[in-house]
Amino acid sequence: QVQLVESGGGLVQPGGSLRLSCVVSPSIFSINAMGWYRQAPGKERELVAAITRGGSTNYGGSVKGRFDISRDNAKNTVYLQMFSLKPEDTAVYYCNADGRFTGVNYWGKGTLVTVSS
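Bear in mind that the values here come from a model prediction, so they are computed numbers and not experimental data.

As for the state of the cysteines
Right, so step 1: In this structure the tally under the stated criterion is one disulfide.
Right, so step 2: The side chain of Cys22 participates in a disulfide bridge whose partner is Cys95; the two sulfur atoms lie 2.1 Å from each other. One disulfide, between Cys22 and Cys95, carries an S-S torsion of -85 degrees and so falls in the left-handed class. Of this pair, Cys22 sits in strand 3 (residues 18-25) while Cys95 sits in strand 9 (residues 91-99), and the two are 73 residues apart along the sequence. Considered together, Cys22 and Cys95 belong to a single accessibility category, that of buried residues.

Laid out in structure tokens, this is it:
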């Protein structure tokens, strides 16, 4: 059973930076593509960024140029580095992964990011 555990959320001022982490167990090699999604109050969940096993990346339009997704296979971790944060980035951020051998799509429980002065 694949488990995803997010961390790194918190309160940050506009213009600030934050790095989210998603640890995959038992191993990141059990995963194909991974992604970060977010859901703000009253809004639908949306794709923030995604990364394939090969390292190709894709970003949602509102975060291009400000966010960076990466993966460290040795640490079984995917990161979302966020720069120039805006109040509209406030949301619960979820880690998502496609099981390589199961074909199942997995979700973490989410981590809250609040951008406010």
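On we go.
Focus: the sheet that holds strand 1 (residues 3-7)
Right, so step 1: Taken in spatial order, the four strands line up as 1-3-8-7 in an open sheet, and their pairing is antiparallel. Looking at the sheet topology across the chains shown, the edges are occupied by strand 1 and strand 7 (67-72). Each strand axis lies, on average, 15 degrees off the axis of its neighbour in the sheet, ignoring direction.

The rules we used
Residues numbered from 1 in each chain as written. Predicted model: local features only at pLDDT ≥ 70, side-chain atom pairs only at ≥ 80, totals over all residues. Heavy atoms only, no water. Disulfide = S-S within 2.5 Å. Helix = DSSP H or I, 4+ residues; strand = E, 2+ residues; numbered from the N terminus. Buried < 20%, exposed > 50% of the residue type's maximum accessible area, 1.4 Å probe, protein only. Pairing = 2+ DSSP bridges. Axes fitted to C-alpha atoms, helices over the stretch in contact; angles between N-to-C directions.

Scope: geometric values only; no functional claims are made or implied.
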